[in-house]
Amino acid sequence: MSAMAVRARRLVLLLLGVAGTAGLLWLFGSQEPLWVSAGWVSLVPWLWVLDRASSKREVVLAGVAMGCAFNAALFGWFPGALQSYSGAPLAVCWLAFLVLSPFMELQFITFALTRYHLRRTAQESPRAFWRVTLTGALVYVGTEWVSPKLFAVTLGQGFIASESLRQGADIAGTHGLTLVLVIVNTCVLAAGRALMAHGVREGSRRALAPAAVGAALVLACFGYGQFRYRQVAAREAPRQELTVGVVQANITRYEKLAAEMGMYDVVRMVLDTHYRLSAELLQNRKLDLLIWPETVYPTTFGTPKSDAGAEFDAEIREFVSRGQVPLLFGTYDLEQEREYNAAMFLGPGRNGTLERSAYRKTMLFPLTEWVPELIDSKWLREQLPWTGYWKRGPGPQTLALPLGGGRAITVAPLICYESIFPSYVAEEARRGAELIITLSNDSWFSGTPAPKQHLMHAAFRSIETRLPQVRVTNSGISALISPTGEVLAAVPDAHRASLAVTVPLSPPVPTLMVLWGDWLGPTALVLSAVLLLVPSLLARRRARQA
């Protein structure tokens, strides 16, 4: 067989392996209970072709191809959403997406190079196998933690569909689930390779150790999950319950509507719709708190930019005063010409006054909401006219919300993108939060898997902190999420509805994620460096002594 034919054959095998893993990951990432088990074998096709690579060039190619396929399988909706937002040609959006994919999924490349290096330098032995397996998994998780990502995606998030498996996230977050998943996949590959290479009798003996370790990890995850689920579910009766009103008006694309109707008429329509949906709730239930979504009031509140803005501000204050129900809503906050995306709280106070407090969003979506000052320029604004001008808030905070009747609640406020950052939410939990409240605007992604994926991130934040969560969006998916990650009530994507949910507030359950934050990523980096460098240094030392 010619050299060209050999290379072509190896390329075909590589693409088949990448396609096999991408397909399994697509099923695993669908968040359907039927496909949860696919996660335990999802990496096997790619690992199989990776171990057949004969050069670093092939290894890097396998990592790059897997990164592109991974992003295309899970985020194939993003180029279309980017085109809708920016107006750029769809082909350009896809090209940018694929070019950036290897950098956003750098863990596939570093894992592949680590595995290639260790398999070539380590001797064939059980001890060497476990060093390769553990080091590779740590490199994968450590790289994933440190490399830039738009959506903080990791393999372990696919376990959200399993009531038991997702509970393990309170130990080391979703990265901890990924670490276990990578190790189990490696064990499955080793067991299968032993059976195929050595026959049933000898192969079974060689496959015993990796198969046993893989099975033990799977059973341990299920066992811990069941234990933790029952422990959290069996907590003592809640010390109080809140009735929270959620309004999802399904009014989107304010900019487009403003171009057609004028901004005044758009704000008028948005507010009138939210007043009407809120009034429907108040007719049937006594609410402790009413919540509207992110940027529902698309101008500055409290510092109006026009007479019309001052009238709208006064109208919202009158609505709260008349209804005597505290309101938390998304708006803009202005201070010394610095504008912030904010969550504004208004509540009935003493002597007819209104209590007011605000939370300013810190974790802004790159370019669309915020441009780092280092690269901000007139030229950049001209090239990317849709870039945002918001400034970053001061960081994780809690809000103490007076609810009337002498009651109050301390909440962990999050605005949209912030819900994908575990350490950010853990810091708010450490500050005494009793409830997570997330305001979001997912309208640019409506009709895609994105709202479901964003809801998944929110559910993991509740698992990691063991706090209930009320999530309110303008177009979906608004939801009440339990401390075990269960969606107890929801308004689907692209629906208009108002919903009253009862939120039980129980004593906090301690978790390692709250205590240490997203600790596994940096720990994995340090441990992988030790496992990679120390044996090499010891070998050199022995060589010099000899």
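Calculation rules
- Residues numbered from 1 in each chain as written.
- Predicted model: local features only at pLDDT ≥ 70, side-chain atom pairs only at ≥ 80, totals over all residues.
- Heavy atoms only, no water.
- Axes fitted to C-alpha atoms, helices over the stretch in contact; angles between N-to-C directions.
- Helix = DSSP H or I, 4+ residues; strand = E, 2+ residues; numbered from the N terminus.
- Parallel < 35°, antiparallel > 145°, perpendicular 65-115°, else oblique.
- Left-handed = near helix turned anticlockwise from the far one by under 90°.
- Contact = heavy atoms within 4.5 Å.
- Nonpolar A, V, L, I, M, F, W, Y, C, P; charged D, E, K, R; others polar.
- Pairing = 2+ DSSP bridges.
- Expected span 1.5 Å × (residues − 1).
- Buried < 20%, exposed > 50% of the residue type's maximum accessible area, 1.4 Å probe, protein only.
- Phe/Tyr/Trp six-rings, centres within 6.5 Å; stacked < 30°, edge-to-face > 60°.
- Lys NZ or Arg CZ within 6 Å of the ring centre and 35° of its normal.
- Salt bridge = Lys/Arg side-chain N within 4 Å of Asp/Glu carboxyl O.
- Polar contact = N/O pair within 3.5 Å; in protein donor to acceptor, adjacent residues only side chain to side chain.
- Disulfide = S-S within 2.5 Å.
- Patch = residues over 30% accessible without salt bridge, like charges linked within 9 Å, V, L, I, M, F, W, Y side chains within 5 Å.
- Areas by Shrake-Rupley, 256 points an atom, 1.4 Å probe, with all protein chains shown as cover.

Before going further, it helps to examine the packing of helix α9 (residues 254-261) against helix α10 (residues 263-284). Between α9 and α10, the shortest axis-to-axis distance is 7 Å and the interhelical angle comes to 120 degrees. Taken as axis vectors, α9 and α10 run oblique relative to one another. When you trace α9 past α10, the crossing you get is right-handed. Along the contact surface, α9 presents Y254, L257, A258 and M261, while α10 presents M263, D265, V266, M269 and V270. Looking at the contact of α9 with α10 residue by residue, the classes come out as 8 nonpolar, no polar and 1 charged.

A few words on the pairing of strand β6 (residues 399-404). With 5 bridges joining them, β6 and strand β7 (residues 407-415) adopt antiparallel strand pairing. Paired with P402 across the bridge in β7 is A408.

Taking 1.5 Å per residue, 16 residues should reach 22 Å; helix α14 (residues 450-465) reaches 23 Å between its end C-alpha atoms and fits that length. Counted residue by residue, α14 has 15 buried out of 16 residues, so it is predominantly covered. Looking one or two residues past α14, R466 carries a phi angle of roughly 55 degrees, positive in sign.

In this section: the packing of aromatic side chains. What the rule picks out here adds up to 25 aromatic pairs. Between the aromatic rings of F78 and F97, the centroid separation amounts to 6.3 Å while the plane-to-plane angle is 40 degrees, which identifies the pairing as tilted. A residue pair is termed long-range when its members are at least 10 positions apart, and F78 in helix α4 (residues 78-86) and F97 in helix α5 (residues 90-104) qualify at 19 residues. You can call F78 buried: its relative accessible area is 9%. The interplanar angle of 75 degrees and the centroid separation of 6.2 Å between the aromatic rings of Y297 and F301 together place this pair among those described as edge-to-face. In this structure Y297 comes out as buried when scored by relative accessible area, which is 1%. Taken together, the aromatic side chains of F75, W77, F78, W94, F97 and F151 make up a single cluster linked through ring pairs. Its guanidinium or amino end placed over the ring of Y340, R360 lies 4.2 Å from that ring's centre, counting from NZ or CZ.

Right, let's talk about the pattern of salt bridges for a bit. When their charged atoms lie close together, side chains carrying opposite charge are able to pair. Summed over all chains, the structure comprises 23 salt bridges. Among the ionic pairs, K149 bridges to E105, the shortest N-O distance being 2.9 Å. Of this pair, K149 sits in the loop between α7 (126-146) and α8 (169-233) while E105 sits in the loop between α5 and α6 (107-121), and the two are 44 residues apart along the sequence. In this pair, the class of K149 matches that of E105, namely buried. Note that R205 and E202 form a salt bridge whose closest N and O atoms lie 2.5 Å from each other.

This next bit is on the sheet that holds strand β11 (residues 487-491). Read from one edge to the other, the open sheet built from 6 strands follows the order β6-β7-β8-β9-β10-β11, with strand pairing classed as mixed. Lying at the two open borders of the sheet, with one neighbouring strand each, are β6 and β11. Ignoring strand direction, the axes of neighbouring strands in this sheet form an average angle of 20 degrees. Direction of pairing for strand β10 (residues 478-481) relative to β11: antiparallel, over a ladder of 4 bridges. Within the sheet, the bridge partner assigned to S478 lies in β11 and is V491.

Take the side chain of T21 next. Topologically, T21 is positioned in helix α1 (residues 3-28). Of the polar contacts made by the side chain of T21, one reaches the backbone oxygen of S42; its length is 2.9 Å. Non-local contacts of T21, meaning those with residues more than four positions away in its chain, are made with S42, L43, V44, P45, W46 and M66.

Attention now moves to the environment of V184. Secondary-structure assignment places V184 in helix α8. Separated by 159 residues in sequence, V184 and L25 place their C-alpha atoms 15 Å apart.

Here the focus is the state of the cysteines. Considering all chains together, one arrives at 0 disulfides under this definition. For C93, which is in no disulfide, the shortest distance to another cysteine sulfur is to C68 and amounts to 16 Å. With no disulfide of its own, C416 lies 19 Å from the sulfur of C93, the closest cysteine sulfur.

What follows concerns a nonpolar patch on the surface. A contiguous nonpolar surface patch, about 260 Å² in accessible area, is contributed by L11, L15 and L61. Examined against the element boundaries, L11 turns out to sit in helix α1. For L11, a relative accessible area of 42% gives the class partly exposed.

Moving on, we come to unusual backbone geometry. Backbone torsion omega between G476 and I477 reads 10 degrees, so that peptide bond is classified as cis. Considering the arrangement of structural elements, one finds I477 in the loop between β9 (469-473) and β10. Even without being glycine, N250 reaches a positive phi, approximately 55 degrees. Relative to the helices and strands, N250 resides in the loop between β1 (240-248) and α9. Even without a glycine there, the phi angle at A494 is positive, about 65 degrees. Residue classification places A494 among the partly exposed residues on the basis of a relative accessible area of 41%.

Summarising the element assignment, T143 is placed in helix α7. Given the relative accessible area of 9%, T143 is considered buried. A polar side-chain atom of T143 sits 2.7 Å from the main-chain carbonyl oxygen of V139. Beyond its immediate chain neighbours, meaning those up to four positions away, T143 contacts L106, Q107, T110 and L525.

This part takes up the sheet that holds strand β5 (residues 354-360). Taken together, 6 strands build an open sheet; the order of strands is β5-β4-β3-β2-β1-β12 and the sheet is mixed. Since the sheet does not close on itself, it has two edges, and those belong to β5 and β12 (497-505), each with one partner. Strand after strand, the sheet turns through a mean of 35 degrees between neighbouring axes, direction not considered. Pairing of β1 with strand β2 (residues 289-291), which is carried by 3 bridges, proceeds in the parallel orientation. Within β2, the residue paired with G245 across the bridge is L290. Across the sheet, helix α11 (residues 307-323) is in contact with β2, β3 (327-335), β4 (338-348) and β5; its angle to β4 comes to roughly 25 degrees.

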